[in-house]
Structures are given as structure tokens and as C-alpha cells.
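The chain contents come next:
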Amino acid sequence: MKKNIRTLVNLFIKSFTHPFAKRNIFFTFYRIIRWQILSRIRPVLIESWVNDIKVICKKGDTGFTGNLYFGLHEYEDMIFMLHLLDKDDVFLDIGSNLGSYSLLAGGICESKTFSLEPSPSSFNRMIKNIELNNFENVTCMNIGAGNENGSFFMTDSKGPENHLVTESDDAIKVEIKRIDDIKFESNPTFIKIDTEGTEFEVIRGGLKVLDSPEMIGLLAEINGNNLRYNQKTNEMIQFLNNLGYHAYRYDYSNKELHKMNHIKTNGNTLFIKNYMKASQKVKDYKPNQLWGKDI
């Protein structure tokens, strides 16, 4: 009971600081309370999200349920992608989990989307979300990405925190491929990488794709998980800088990109290669609606 109360209090507190949730705080409270009640009554629910996209959720889907609470859980990152991508773009979602970013890119932006998720349990649930919405422009692959082709062991019971491990009783063996060895209909223009610490390996396996003239930028998780694999954050950042990718912060209110001198190490970081194209595309964006509000 005490844990449930603490969870509710923390969610209510976050509502006052989340850029979208605070625009209608009472509606946010309603969504939080509604989910907390319904998820205890029904094991699985189908909920409406942006532009009536349907998502299959259950209790414990951390991050995914955050979308139902706050509209866009990772607001700054998700809103940039929504403002950037359109039907002429190709989005590559590496470590797609249940498919939040793929659903937005494929369903709202109408971009050709490729989703890579090595965890069989997460992959199967993502497939159901894609099929529920009849998104024919989203291609899902039950593989991981890295610096070499082969296989590795990973957990499959930790949801969005599934990660690479050494062989053990609770690990499963999954396929891994270099981005450069995956056949795309056309080169990606934007990539999201969330692989719980192996982001640098993913990047090093995609030099040809990253160097292509179509690439605008990428979003990579930098939160310290890379240290479990002895990968240094500053080395990855320098590696990306050498490829022409530099860290930016997106000012979504004014649709402006601002170069960052210091990178946060507790979340996602946006790296832009083609600043001029990115800036023009977000300026040209026409607002969408989320629960009656422009985004």
C-alpha cells in the first residue's frame, strides 16, 4: 500500500513539470488514477494514444504507461522526432522495446520505419501493437544491432531494461547484426538507439549508414549503462563528433536547435549531422493533436 501511494505521489509531482501534462493538470490526474484502477482490474488493456493510435498495455509497462499518463513520456525527444520526420523519411528504431517511437514515426509521421528488438517477449508485444493499428509501413525485426554479426546472450524478463549478459540460466541467445549489413529500401534519415549500454557498439557497426548523405541525426541513450561493458561515454561522443554528429538540445516551443557544450548523462542525447536540413524540417512542421492539444 505504501509503495502504491508513493508511486501516485511521484506521478502527481511529475505532472507539474512535464511539458505536456501540466497544460491540463486535472486531466493528467484523471488519466493516472484511471490507469491505476483499471490495470488492477484487467490484466491487459487497449488504450488510445496520439491520433487514436491503439496500444496494448499492462501493469508494469514502465515508460509505455508514461505515454498514457503524460501524453509523450520522453517529451523533448519524442516531440523532436514528430516535428522532424515525414512520409519521405526512413526511421530506424534500434532497441524498440514495445514500439513507442516506431508507432509515432510510422503512424503519425507516416515515415518508413524499421524496428529492431532482440527480446522475444518485447518483440512479440511490439508486433501486436503494430498489427493492431494496421501499419504497413513498419517493418519489425527480432534482432539486435552491434559491431559484428553473430549472436549474444541477454535477459528477457526485465522489460525495457533487458540487456546483454554473459551466458547464464536466465539468459537467452539472440541474433545480432551490423546496421551496415541490414538491407533497407533506402538509407535511414534518423536513428534512435536505446540498447541499455551497447550504444557505442551499435554505432561502430553502422559507419556506412551514418556517413550516408541522407542521415540527419540520431538519438542515443547515454545514462551510464555503457560502463557495465567498459565503454567510455566520452569516447563514443568523440567518435560521433569525428563523423560529423554533434549534440544539440531541442527548444520545442520555438522549434530551434541549440548546440550543447555539456552533455547530460541521465537520458537520451540528440546528435545532429545535417543542422540546416533538421532546422528547416522542424520549422515546416504542421501541428498535430494529442488529446485536444497542439503538439
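This part is about the pairing of strand β2 (residues 54-57). Where strand β1 (residues 45-48) and β2 come together, four bridges link them in antiparallel fashion. Counted as the bridge partner of Ser48 is Lys54 from β2. In textbook terms, the turn of a hairpin is the stretch between consecutive antiparallel strands, and for β1 and β2 this stretch comprises five residues, one of which, Asn51, has a positive phi near 50 degrees.

Quick look at the confidence of the model for the protein now. Low-pLDDT stretches of the model should not have their predicted coordinates read in fine detail. On average, the protein scores 90 in pLDDT, and the residues at 70 or more come to 91%. Averaged over each element, pLDDT in the protein is lowest for strand β8 (residues 164-165) (60) and highest for strand β3 (residues 90-94) (98).

Moving on, we get to the environment of Tyr252. Of note, Tyr252 is situated in the loop between β12 (246-251) and β13 (256-259). Overall, the relative accessible area of 26% leaves Tyr252 in the partly exposed class. Once the C-alpha coordinates of Tyr252 and Glu201 are considered, the two residues, 51 residues apart in sequence, prove to be 30 Å apart. In this structure, Tyr252 is in contact with Pro19, Tyr75, Glu76, Ile79 and His83, ignoring residues within four places of it in sequence.

Between helix α1 (residues 2-15) and helix α2 (residues 25-41), the shortest axis-to-axis distance is 10 Å and the interhelical angle comes to 155 degrees. Taken together, the axes of α1 and α2 are roughly antiparallel relative to one another. Remark: the crossing between α1 and α2 carries right-handed chirality. Of the residues in α2, those touching α1 at Asn4, Leu8, Leu11, Phe12 and Ser15 are Ile25, Thr28, Phe29, Ile32, Ile33, Gln36 and Arg40.

Let's shift gears to the state of the cysteines. Applying the stated criterion across every chain, the model contains zero disulfides. In this structure Cys57 is a free cysteine whose sulfur lies 16 Å from that of Cys140, the closest cysteine sulfur available. Look at Cys57 and you get buried, because its relative accessible area is 0%. In this structure Cys109 is a free cysteine whose sulfur lies 16 Å from that of Cys140, the closest cysteine sulfur available. Judged by its relative accessible area of 7%, Cys109 is buried.

Under the criterion given, the structure shown has ten salt bridges. One salt bridge in this structure joins Lys281 and Asp86, with 2.9 Å as the shortest N-O distance. With Lys281 in helix α10 (residues 275-283) and Asp86 in the loop between α4 (75-84) and β3, this pair connects stretches of sequence that are 195 residues apart. Residue classification places Lys281 among the buried positions, given a relative accessible area of 14%. With a closest N to O distance of 2.2 Å, Arg204 and Glu201 form a salt bridge. Here Arg204 and its partner Glu201 are both found in helix α7 (residues 199-204), three residues apart, which amounts to about one turn of the helix. The class of Arg204 is partly exposed, set by a relative accessible area of 31%. Salt bridges sharing partners connect three or more residues here, namely Asp86, Asp89 and Lys281.

As a packed pair, α4 and helix α5 (residues 100-108) sit with axes 10 Å apart at the nearest point and diverge in direction by 25 degrees. Between α4 and α5, the crossing angle belongs to the class labelled roughly parallel. Judged by the twist between their axes, the crossing of α4 over α5 is right-handed. Across from Asp77, Met78, Met81 and Leu82 in α4, the residues of α5 making contact are Ser100, Tyr101, Leu104, Ala105 and Ile108. Split into classes, the residues belonging to the contact of α4 with α5 amount to seven nonpolar, one polar and one charged.

Rules of the game
The written sequence of each chain sets the order in which its residues are numbered from 1. The predicted origin of the model limits local features to residues at a pLDDT of at least 70 and limits the giving and counting of side-chain atom pairs to 80 or more, whereas totals for whole chains, interfaces and linings rest on all residues. Values shown for side chains rest on all heavy atoms present in the structure; no hydrogens or waters enter the calculation. In this analysis, strands are considered paired if DSSP registers two or more bridges between them. Segments assigned H or I by DSSP are reported as helices when at least four residues long, segments assigned E as strands when at least two residues long, and all are numbered from the N terminus. Confidence of the prediction at every residue is given by pLDDT, a number between 0 and 100. Accessibility here uses a 1.4 Å probe with only protein chains present; expressed as a share of the type maximum, an area under 20% marks a residue as buried, one over 50% as exposed, and anything in between as partly exposed. Contacts were defined at the residue level, with two residues in contact if any of their heavy atoms lie within 4.5 Å. Every axis in this analysis is a line fitted to C-alpha atoms, fitted for helices over the stretch in contact. Angles between the N-to-C directions lie between 0 and 180 degrees. Just so you know how the angles are binned, under 35 degrees is roughly parallel, over 145 roughly antiparallel, 65 to 115 roughly perpendicular, and the rest oblique. When the near helix sits turned anticlockwise from the far one by under a right angle, the crossing is termed left-handed; a clockwise turn instead gives a right-handed crossing. In this description, the term disulfide denotes a pair of cysteine sulfurs within 2.5 Å. Here a salt bridge means any side-chain nitrogen of Lys or Arg lying within 4 Å of a carboxyl oxygen belonging to Asp or Glu. Throughout, the ten residues Ala, Val, Leu, Ile, Met, Phe, Trp, Tyr, Cys and Pro are labelled nonpolar, Asp, Glu, Lys and Arg are labelled charged, and all others, Gly among them, are labelled polar.

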